[in-house]
Amino acid sequence: MIFLMNYHIFNDRRDTKAVGSVLRIERTSIHDGEGLRTVLFLKGCPLRCRWCSTPESQEPALQKGYARDRCLGCGICVRACPQGALSMSEDGQRIIFNSSKCKNCFACVRKCPQRAWKKYGSLMSVQEVVREISKDEVFYFHSGGGLTVSGGEPLYQSDFVLEVIRECRALGIHTAMETSLYAPWENIKKILPWINVLYVDIKQMDRTLHKNWVGVENTLILDNILKVDKSSNPLEIIVRIPLIPGANDSDANLIATALFCKSLKKLIEIEILPYHRLGVETYKNLDTSYQLKELVPPSQERILERADFLSGQIPNVSVRVGGEIY
Ligand code: SF4
Ligand code: SF4
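Each chain has its residues counted from 1, following the order in which its sequence is written. Whichever chain is written first is A, and whichever ligand is written first is 1; the rest continue in order. The predicted nature of this model means local features are confined to residues of pLDDT at least 70 and side-chain atom pairs, given and counted, to a pLDDT of 80 or more, with totals for whole chains, interfaces and linings taken over all residues.

(A) Seen up close, the sheet that holds strand β14 (residues 324-325). Read from one edge to the other, the open sheet built from ten strands follows the order β7-β1-β2-β8-β9-β10-β11-β12-β13-β14, with strand pairing classed as mixed. If you trace the sheet from one side to the other, it starts and ends with β7 (122-125) and β14, each paired once. By definition, residue pairs are in contact when their C-beta atoms, positioned from the backbone, come within 7 Å. For helices, the fitted axis covers only the stretch in contact; all axes are lines through C-alpha atoms, and the angles between them, taken along N-to-C directions, range from 0 to 180 degrees. Numbering of helices and strands starts at the N terminus; helices are DSSP runs of H or I of at least 4 residues and strands are runs of E of at least 2. Helix-sheet contacts for helix α4 (residues 126-134) involve β1 (19-29), β2 (37-42), β7 and β8 (146-150), and the interaxial angle to β7 is about 90°. DSSP bridges decide pairing: two strands pair if at least two such bridges lie between them.

Structure, rendered in structure tokens:
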């Protein structure tokens with residue numbers, strides 16, 4: 001509930017300025033929809049999945065991280081900081097950061113010769129974002145690709161997303177969105193007419209386990225998936241399952257997920273996203289702890305066995321893993 005409140009406040013603030021908190025824009029991705037995609041990653045997410053591989057996307061505000069192993073201890077950033085928020089440790093081996101003094105001017109990021117300081121995110125207008133996206137139009141035309149809006153959680157900035165995708169559709173660009181659908185229905189409803197393909201995660205069917213692993217219950221998410229499916233918008237749904245050992249890879253959860261998916265008329269595919277440990281370094285840079293330190297990624301054999309099991313539960317729908325259909 002706290003997160004939902006925050007995000008109303010955040011949306012109101014952003015919308016008046018028509019500015020979005022953008023994590024990054026990636027070009028020519030082949031993993032986020034049909035053809036070559038430009039992926040707009042936005043900051044801000046109301047979920048806290050323990051396996052999150054992009055912790056720098058969780059907070060809506062711009063952030064910075066410090067990669068200690070790149071730091072030479074030259075002290076340039078300490079001298080560059082106008083707020084006195086940085087100091088050298090006694091042994092001269094690392095920088096001590098006082099967040100209460102920092103005003104996010106990012107002078108430390110600009111001045112560091114080692115790129116030990118990293119800036120996560122930038123504020124961009126709708127026009128700036130659309131300009132960047134439309135630079136790739138030639139790739140969309142030849143590959144059948146387009147724009148994929150991702151996060152964080154794109155619906156955290158739903159009015160900004162609406163403006164971006166409306167502009168893109170006016171330019172004839174195919175649009176997809178990757179979302180948890182953990183958002184008020186009115187924020188989802190207004191976007192649906194402008195979306196061609198909706199990628200939605202189902203992380204765990206059990207409400208209590210979902211809260212334990214993701215930080216919120218799944219009721220709103222499942223309700224919203226059903227509402228999207230019943231809506232008159234002619235979009236396609238692809239369900240994604242992040243396959244996390246011990247969290248959601250049990251027979252019981254895959255059976256329950258398949259049962260739920262069987263009722264979806266707009267569903268065209270289920271995609272399994274196996275657990276990986278990319279992003280662990282970013283937790284260090286942000287000085288936050290990674291909760292799944294001991295978790296071992298599933299073997300290829302286990303991934304394929306789980307895909308096969310899931311496919312057996314819902315034979316009329318394609319199950320995809322790493323580009324292959326099962
Ligand atoms: S400027 Fe960069 S390399 Fe030098 S002390 Fe600061 S973080 Fe380390
Ligand atoms: S962002 Fe600006 S105020 Fe904050 S630590 Fe860096 S230089 Fe100092």
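(B) Summary view of the packing of α4 against helix α6 (residues 158-170). Packing of α4 against α6 leaves a shortest axis separation of 10 Å and a crossing angle of 40°. Considering their axes alone, α4 and α6 lie oblique with respect to each other. For the element pair α4 and α6, the recorded crossing hand is right-handed. Contacts between α4 and α6 involve Val126, Val129, Val130 and Ile133 from the first element and Phe160, Glu163, Val164, Glu167 and Cys168 from the second. Polar here means any residue other than Ala, Val, Leu, Ile, Met, Phe, Trp, Tyr, Cys and Pro, which are nonpolar, and Asp, Glu, Lys and Arg, which are charged; Gly is therefore polar. Here the contact of α4 with α6 is composed, by residue class, of seven nonpolar, no polar and two charged. In what follows, roughly perpendicular refers to angles from 65 to 115 degrees, roughly parallel to angles under 35, roughly antiparallel to angles over 145, and oblique to any angle outside these ranges. Throughout, a crossing is termed right-handed when the near helix is turned clockwise from the far one, and left-handed when it is turned anticlockwise from it by less than a right angle.

(C) The arrangement of the domain arrangement of the protein in detail. Domain extents, as shown, originate in an automatic or database domain assignment. Assigned domains within the protein: domain 1 (2-61 + 121-325) and domain 2 (63-118). For domain 1 versus domain 2, the separation of C-alpha centres amounts to 33 Å. Listed as interface residues are seven residues of domain 1 and, on the opposing side, five residues of domain 2. When the residues that make up the side of domain 1 that touches domain 2 are grouped by side-chain class, the tally is two nonpolar, three polar and two charged.

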